[in-house]
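Tertiary structure, described
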Amino acid sequence: MRLLSSLLSLFLLVAGLGAVLLAAAFSHYSKDLPDYAYLKDYQPPTLSRIYADDGRMMAVVASEQRLFVPINAIPKRAVDAFLSAEDSDFYQHGGVDYMGILRAVFVNLQNMGRDRHPMGASTITQQVAKNMLLSNEVSLSRKIREAILATRLEKSLSKDRILEIYLNEIFLGNHSYGIAAAALNYFNKSLDELTIAEAAYLAALPKAPNNYNPVRDHAAAVARRNWVIGRMAETGRITREEADEAQQEPLMTRTRDGSESVTADYFSEEVRRQLFEKFGEDEVMEGGLAVKTSLDPRLQNAATKALRDGLIAYDRRERGWRGPVAHLADLSDWQKKLKTIAIPAGGEFWQLAVVSGLKKDEAQLAFADNAKGQIPWSELSWARRELADDQFGPVLHQPSDVLHVGDVVMVEPVKTNAKGKPYPEGTFTLRQVPVVEGAIVALDPHTGRVFAMDGGFSARISQFDRATQAMRQPGSSFKPFVYMAALDKGFTPASLISDSPSDYYQGPGLPMWHPENYGGEDLGIMPVRQALEKSQNVMTVRVANAIGMPIIVDYAKKFGIVDDMPDMLSYSLGAKETTPLRMVTAYGMIVNGGKKITPSFIDRVQNRDGQTVWRADNRACTDCQTAGWTTQITPPDIPDTREQIEDPRTTYQMVNILEGVVQRGTAASLHDIDFPLAGKTGTTNDSKDAWFIGFTPDLVCGVYVGFDDPKPLGGHETGASVAVPIFRSFITEAIKDKAPVPFRVPPGLRMVRVNPITENLASASDKNAIWESFIPGTEPQEGQPRPVLNNNTPTLGSTNATAAQTTGDTTNESTTPTSDPAPPLESSSVPPTPPPPPSVTGTGGLY
């Protein structure tokens, strides 16, 4: 009895000391614990999504790729899988599962040496405490602090809230944070579409996602998944039959199909930049924004293809072949070697192949997957070696002059030759990444919504966006704004201008400036229409000098081409740098009747709760707010709030003239397209920049091509030869299945039949006659001579313009000094500025 009493006393003493030590430890480790109150209203960082106009995903912007899903929206199957794998007694314990700890110790002792997965003892609540409040330090002190925090979390948060945080925060590999992002990234499914096996695989990942990659570690991934399925059966969450069936299911991942998403790297990057400016980086990266853009996937694909094809065509024509990606000196084990060679940036659209043999009329190819192919001589004959100083190697006669056995080259499948004749199956063409760059932009002229944009050949080469960031001289594509200013100052499309050479004062101590036409040709006396259709530099400078450069500067600024510009004569030929986006927007204001537009990439932004927090179109529409439509009623009247910056009669006169550029002028290669088209080419000095801005009544597209480090494109390359073919490729796809709509004529104009070359009134038998637009009273009169703007006519307005560096459709410039001052212009030979235009209603159909 005494012994029993002693043992009891000793037990109580030890228990008391243990309780004291436990209390002391609890007090010690409870100090400075992180505040967990914020978890009650915690919103996890959520990715922001960028969508095309048709609702397809374009890009994700995020610090962590996470889609937040409330607990009541997570299917039971997915919840059961995670509970079975991580914490089967989650809804029973108080944060720390003491029985689970004992069970884990017992099971792990039993399984020692049996190659079984060790059973963990941390509850989901403990994992939330560690992930959200503590570090990943492996120590006893962290485990104690974790257990204390877990018990406190259980008292302040509901079980569902804790599980919601866990399932949305956990990292599951493959750039996936949270169960919803993982379901999309691994299986391209929403949570409610997951099978038992797929849910079990996701639940197998929290412990070590990098160890269970479904491709690299397939066997381990299947084994771990099947263990989770077994646990689901053991805990009664699925039947044994369901478990057996799920364990037999192949583990196959699935990425998004190309038709389910849209690739537009430069467009997406511009949207990201604008979002950062509007909302700040943190809100964009973590706020879960849903961003609806104006991108039209069909037009974007057409723009991307047109630009790439055009740059490749120029590169072949002017730059030559720069050699293979690599060369295999020994073809033994060539497949293994080929797989180790990285495809160059910009070549992601093509395949790598090794030249396995050469024949007289083709090069034979072998691919890493054992496929075979051939490049016919017709696809190699262009590939003369590029040498220094823009020179080419010797003339080619056969494939062996271009390639050697063992060369690793980039190739692309091709179905037909240049004449449309079909090639045999397995035919490829030789590819290389162009050294020239370019940009293409297409937008709606009535709203400014940007439908398509590419800022270069590939964003993997450079993310520098040449559509929005490259400041380049627009050349003669600027001329329409000079002539619009002239039309507003009394010129008409029929006003006659001399093309004779003239010299202009540049300033004290400087030689006289002598502008020249492309090719140096003097075309004599021509009307305004012909001056613009033929893109004559001398006539443009004469007009600019006549009306005064300050007026032209004002036009360049009000159309948004530049923020400011020197009032020197050479700038009338497009010497002031601007961006393709600005030029396309300015042309949009020509075709829409002189209404101010701002280019927009983003239509609407919603926050994570689905509330619209920003939209591009802020016009009031009280009649639009209705619960539903029960009867056919009058459409809501939405006000047109666009500022009228130019007389719509003047803009139509310019549209009409620019149609002539396509029909008879520098862009005449487009005249066979059976659709209303207009536009203007542009080529700067030494052909360093090539442009074409073209439009239909409801779509404007601009193309720019040039080297990032400016240098000549080639002696015979112009906007007509480089940029127009790119526009043609795009526009033919853009107008496919579209009914032609004529350019809209505003009221207040008189249409007169004239000869397009002379602008004289046309006879009834003149088959070439066109309808020219005139302000009433300014049209040509039968038998009445028209004055000519030349060096001897009096001035219309003052000019303080001087000359500077020249540009425009010219490949040479001259500063030959003479003693003649800048020429004046007449005042009485042209009508006065017309009265204010009548109002124009409607904006026409949207493209």
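To be clear, the structure that these remarks concern was listed above.
This is a predicted model, so every value here is computed, not measured.

Things to note about the pairing of strand E8 (residues 407–413)
- Taking burial as the measure, the seven residues of E8 include five buried ones, the bulk of the element.
- Bridge count for strand E4 (residues 326–327) against E8 is two bridges, and the pairing is antiparallel. Within E8, the residue paired with Ala 326 across the bridge is Val 408.
- Alignment of strand E5 (residues 351–358) against E8, held across four bridges, turns out to be antiparallel. Within E8, the position partnered with Leu 352 by the bridge is Met 410.

Quick word on the packing of helix H2 (residues 76–86) against helix H9 (residues 218–234)
- Running from N to C, H2 and H9 point in directions that differ by 100°, and their axes come no closer than 8 Å. Taken together, the axis directions place H2 and H9 in an arrangement best described as roughly perpendicular. Facing H2, whose interface residues are Arg 77, Asp 80, Ala 81, Ser 84 and Ala 85, H9 presents Trp 227, Val 228, Arg 231 and Met 232.
- Its residues assigned to classes, the contact of H2 with H9 comprises five nonpolar, one polar and three charged.

Brief notes about helix H7 (residues 179–187)
- For H7, the buried fraction is high: eight of the nine residues fall into the buried class.
- Within H7 the residues assigned to the buried category are Ile 179, Ala 180, Ala 181, Ala 182, Ala 183, Asn 185, Tyr 186 and Phe 187.
- On its buried face, H7 sits against H2, helix H6 (159–169) and helix H8 (196–203).
- Directly after H7, the chain includes Asn 188, whose backbone phi takes a positive value near 55°.

What about the sheet that holds strand E2 (residues 57–61)?
- Ordered in space as E2-E1-E3-E14-E15, the five strands form an open sheet in which the pairing is mixed. Of all strands in the sheet, those bounded by a partner on one side alone are E2 and strand E15 (612–615). Adjacent strand axes in the sheet meet at a mean angle of 15° when their direction is disregarded.
- By the bridge criterion, three bridges tie strand E14 (residues 602–606) to E15 in an arrangement that is antiparallel. Opposite Gln 606, over in E15, you have Thr 612 as the bridge partner.

Some points on the pairing of strand E6 (residues 362–366)
- Within E6, four of the five residues are buried, which leaves the element mostly enclosed by the surrounding structure.
- Where E5 lies against E6, four bridges are found, and the strand directions are antiparallel. In the strand pairing of E6, Val 354 is matched with Ala 366.
- In textbook terms, the turn of a hairpin is the stretch between consecutive antiparallel strands, and for E5 and E6 this stretch comprises three residues.
- Examined bridge by bridge, E6 and strand E7 (residues 372–376) share five bridges and lie antiparallel to one another. From the neighbouring strand, Ala 366 faces E7, where its bridge partner is Lys 372.
- The antiparallel pairing of E6 with E7 creates a hairpin that spans five residues between the two strands, and Asn 370 there sits at a positive phi of about 80°.

Let's talk about the environment of Ala 203
- For Ala 203, the location among the structural elements is in helix H8.
- Residues Ala 203 and Val 79, 124 residues apart in the sequence, show an inter-C-alpha distance of 8.9 Å.
- Beyond its immediate chain neighbours, meaning those up to four positions away, Ala 203 contacts Ala 81, Phe 82, Ala 85, Glu 86 and Val 228.

Some points on unusual backbone geometry
- Although it is not a glycine, Asp 333 sits at a positive phi angle of roughly 55°.
- Tracing the chain through its elements places Asp 333 in the loop between E4 and helix H14 (334–339).
- Not every positive phi belongs to a glycine, and Asn 370 is a case in point at roughly 80°.
- Along the chain, the position of Asn 370 falls in the loop between E6 and E7.
- Classification of Asn 370 by relative accessible area gives exposed; the value is 52%.

Considerations on a negative patch on the surface
- Side chains of Glu 281, Asp 282, Glu 283 and Glu 286 sit close together on the surface and give a patch of like negative charge.
- Mapped onto the secondary structure, Glu 281 falls in helix H12 (residues 281–286).
- The exposure class of Glu 281 is partly exposed, given its relative accessible area of 48%.

Quick notes on the sheet that holds strand E11 (residues 450–454)
- Read from one edge to the other, the open sheet built from five strands follows the order E11-E10-E18-E17-E16, with strand pairing classed as antiparallel. The strands lining the two open edges of the sheet, one partner per strand, are E11 and strand E16 (678–683). Strand-to-strand twist across the sheet, computed as the mean angle between neighbouring axes with direction ignored, equals 5°.
- Note that strand E17 (residues 689–696) and strand E18 (residues 699–706) share eight bridges and pair antiparallel. Within the sheet, the bridge partner assigned to Gly 694 lies in E18 and is Cys 701.
- On top of the sheet, helix H13 (residues 297–318) reaches strand E10 (437–443), E11 and E18; it is set at about 30° to E11, its chief contact.

A short note on the nonpolar core
- Of all hydrophobic cores here, the largest spans 134 residues; its most connected members are Phe 481, Phe 559 and Phe 730.
- Excluding anything up to four places from it in sequence, Phe 481 contacts Tyr 555, Phe 559, Ile 561, Met 583, Ala 586, Tyr 587 and Ile 590.
- Leu 67, Phe 82, Ala 221 and Val 228 belong to the second-largest nonpolar core, a separate cluster that totals 54 residues.

Looking at the packing of aromatic side chains
- All chains considered together, the criterion is met by 22 aromatic pairs.
- Each ring, one from Tyr 314 and one from Phe 707, has its centre 6.3 Å from the other, and the planes form 70°; the classification is edge-to-face. Residue Tyr 314 is located in helix H13, and its partner Phe 707 is located in the loop between E18 and helix H21 (719–734); the two are separated by 393 residues in the primary sequence. For the pair formed by Tyr 314 and Phe 707, the shared burial category is buried.
- Through pairs of rings, three or more aromatic residues link up here, namely Phe 478, Phe 481, Tyr 555, Phe 559, Tyr 587, Phe 695 and Phe 743.
- If you follow Arg 272 out to its NZ or CZ, it ends over the ring of Phe 276, 4.7 Å from the centre.
- Its end group placed over the ring of Phe 707, Lys 711 keeps NZ or CZ at 4.8 Å from the ring centre.

Each value, and the rule that gives it
Residues numbered from 1 in each chain as written. Predicted model: local features only at pLDDT ≥ 70, side-chain atom pairs only at ≥ 80, totals over all residues. Heavy atoms only, no water. Buried < 20%, exposed > 50% of the residue type's maximum accessible area, 1.4 Å probe, protein only. Helix = DSSP H or I, 4+ residues; strand = E, 2+ residues; numbered from the N terminus. Pairing = 2+ DSSP bridges. Axes fitted to C-alpha atoms, helices over the stretch in contact; angles between N-to-C directions. Parallel < 35°, antiparallel > 145°, perpendicular 65-115°, else oblique. Contact = heavy atoms within 4.5 Å. Nonpolar A, V, L, I, M, F, W, Y, C, P; charged D, E, K, R; others polar. Patch = residues over 30% accessible without salt bridge, like charges linked within 9 Å, V, L, I, M, F, W, Y side chains within 5 Å. Areas by Shrake-Rupley, 256 points an atom, 1.4 Å probe, with all protein chains shown as cover. Salt bridge = Lys/Arg side-chain N within 4 Å of Asp/Glu carboxyl O. Lys, Arg positive; Asp, Glu negative; His and termini not counted. Charge placed at Lys NZ, Arg CZ, Asp CG, Glu CD. Core = buried A, V, L, I, M, F, W, Y, C linked by side-chain atoms within 4.5 Å. Phe/Tyr/Trp six-rings, centres within 6.5 Å; stacked < 30°, edge-to-face > 60°. Lys NZ or Arg CZ within 6 Å of the ring centre and 35° of its normal.

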